[in-house]
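Coordinate inspection notes
Chain by chain, the residues:
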Amino acid sequence: MTEEIKKTAEAHGTVSEEKSMEEAKNIEATTEKMIEGETAKEVIAEEEAKEEAVKAIEAKDAQSNQRGRGRRSNFPTTEEILAAWAPKTKLGKEVKDGKVKNINEILDADKKILEAEIVDSLLPIQSDLIAMGQSKGKFGGGKRRAWRQTQRITKEGGVLTFSAMAVVGDENGHVGIGVGKAGETLPARDKATRKAKLNIAKVSRGCAAFDCDCSLDHTVPFEVTGKAGSVSVTLVPAPQGTGLVCANELKKVLKMAGIKDVYSKTSGKVRTTFNTVKACIEALKETNRKWLQQ
């Protein structure tokens, strides 16, 4: 490099060694800076792309959480179902048109609800599953679960059927139960939830405990009893702060009905959860008896 510079200087008499060396060093330094700048830009661009990807994933998670915990991403929401609802019954058309705005008008008139969307449009419905089944297995057998599994023997072999029991309510004086059966678990749950909405009933509440003098509707208005099969369930008014003194599965029903404090007494084969929950519903329906309220 230096010999070429000397030859150029001797020929033209314009280039000096020191100046040419400095220029060469400057060119190399600027080249290195340009390369470093390009690599830095690439790194920054990659980091920005990663941040955008993380934000997109978080947005999708937030949308799925809004639709419901554990809900499938392609499953329609309640608002989408109601928007696409085309009522087929006279009562459904009245609700869709806004002529009926309170579900108590339907229940007091003893009208039959044949479309689950009627309840969805009039009440902020919540749902839960009753642990009516029992798991099988040598080590894990005997544990309660939401699915009751039965088997039918045919020429082709055993055919499985799953049953589920759902309870729905608005935690403000309305509750219903339903049972669904299907060859798979999720269709059985959907059928049970739909039937529970069709069986929605009104529950009267009050403050009737002898040692409570509040004006809140937190317990049953009087002692009521319901019976289903061999199971009998009695609900007794309790003062505020007592809580739900009953079985775990009955707590789900009473919570959906909006009852916060109650004593209970059961008799019969209460291990049959189906009859126990049904007897509790029958007891809650007794709160609407006018002759008892008088």
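Residues numbered from 1 in each chain as written. Predicted model: local features only at pLDDT ≥ 70, side-chain atom pairs only at ≥ 80, totals over all residues. Heavy atoms only, no water.

1. Side note on the overall build of the chain
Looking only at helices and strands, the chain has 10 helices and 11 strands in total. By residue count, 34% of the 294 residues in the chain fall in the buried class. Once local pairs closer than 6 in sequence are excluded, the contacts in the chain between residues at least 24 apart make up 54%. Put simply, the chain shows about 19300 Å² of open surface, and 50% of that area lies on carbon and sulfur atoms. (Helix = DSSP H or I, 4+ residues; strand = E, 2+ residues; numbered from the N terminus. Buried < 20%, exposed > 50% of the residue type's maximum accessible area, 1.4 Å probe, protein only. Contact = heavy atoms within 4.5 Å. Areas by Shrake-Rupley, 256 points an atom, 1.4 Å probe, with all protein chains shown as cover.)

2. So, the packing of helix α8 (residues 248–257) against helix α9 (residues 273–285)
Here α8 crosses α9 at 30°, and the two axes come no closer than 10 Å. The pairing of α8 with α9 is recorded here as roughly parallel in orientation. Of the two elements, α8 crosses α9, and the hand of that crossing is right-handed. Residue-level contacts link Glu249, Leu250, Val253, Leu254 and Ala257 of α8 to Thr273, Thr276, Val277, Cys280, Ile281 and Leu284 of α9. (Axes fitted to C-alpha atoms, helices over the stretch in contact; angles between N-to-C directions. Parallel < 35°, antiparallel > 145°, perpendicular 65-115°, else oblique. Left-handed = near helix turned anticlockwise from the far one by under 90°.)

3. A closer look at helix α7 (residues 185–198)
Note on helix geometry: an α-helix contains 3.6 residues per turn, so any two residues three or four positions apart are oriented the same way. Here α7 spans 20 Å end to end across 14 residues, near enough to the 20 Å set by a 1.5 Å rise per residue. Taken together, the buried positions of α7 are Ala188, Ala192, Thr193, Ala196, Lys197 and Leu198. Against α6 (116–122), β1 (126–130), β5 (157–169) and β6 (174–182) lie the buried residues of α7. (Expected span 1.5 Å × (residues − 1).)

4. A short note on the pattern of salt bridges
Overall, the coordinates contain 4 salt bridges when judged by the stated rule. As a salt-bridge pair, arginine 189 and aspartate 190 come within 3.4 Å of each other at their nearest N and O atoms. Classification of arginine 189 as partly exposed rests on a relative accessible area of 28%. By relative accessible area, aspartate 190 is classed as partly exposed at 34%. (Salt bridge = Lys/Arg side-chain N within 4 Å of Asp/Glu carboxyl O.)

5. Section: the sheet that holds strand β11 (residues 262–267)
Strand order in this open sheet of 4 strands is β8-β9-β11-β10, and the pairing throughout is mixed. On the outer flanks of this sheet lie β8 (224–228) and β10 (244–245), each paired with one strand and no other. Here 2 bridges tie β10 to β11, and the two strands are oriented parallel to one another. Across the sheet, residue leucine 244 finds its bridge partner in β11, namely valine 262. Each of β8 and β9 (231–237) touches α9; the most contacted strand, β8, lies at about 140° to it. (Pairing = 2+ DSSP bridges.)

6. Overview of the pairing of β5
Pairing geometry for β1 and β5, over 5 bridges, is antiparallel. When the sheet's bridge partners are listed, serine 127 is paired in β5 with valine 168. Sheet analysis places strand β4 (residues 147–154) next to β5, joined by 8 bridges and oriented antiparallel. Bridge pairing links arginine 148 to serine 163 in β5. Hairpin connection from β4 to β5: 2 residues lie between these consecutive antiparallel strands. Relative to β6, β5 is paired through 8 bridges, and the arrangement is antiparallel. Residue pairing across strands places alanine 164 opposite glycine 180, the latter belonging to β6. Between β5 and β6, which follow one another and run antiparallel, lie 4 residues, and glutamate 171 among them has a positive phi close to 60°.

7. Here we look at the environment of methionine 165
As for its placement among the helices and strands, methionine 165 is situated in strand β5. A sequence separation of 112 residues divides methionine 165 from valine 277, and the C-alpha atoms of the two residues are 9.6 Å apart. With sequence-adjacent residues up to four places away left out, methionine 165 is seen in contact with Asp128, Leu129, Ile130, Met132, Ile177, Gly178, Val179, Ala192, Phe274 and Val277.

8. As for the environment of isoleucine 125
Structurally, isoleucine 125 is set in the loop between α6 and β1. As for isoleucine 125 and aspartate 170, which are separated by 45 residues in sequence, their C-alpha atoms are 5.0 Å apart. Beyond its immediate chain neighbours, meaning those up to four positions away, isoleucine 125 contacts Val119, Asp120, Val168, Gly169, Lys197 and Ile200.

9. Topic: the side chain of histidine 218
Position of histidine 218 among the secondary structure elements: in the loop between β7 (201–202) and β8. At 3.0 Å, the side chain of histidine 218 forms a polar contact with the side chain of aspartate 261. Once residues lying within four places of it in the same chain are set aside, the contact partners of histidine 218 are Gly206, Cys207, Cys212, Ala238, Pro239, Gln240, Ile259, Lys260 and Asp261. (Polar contact = N/O pair within 3.5 Å; in protein donor to acceptor, adjacent residues only side chain to side chain.)

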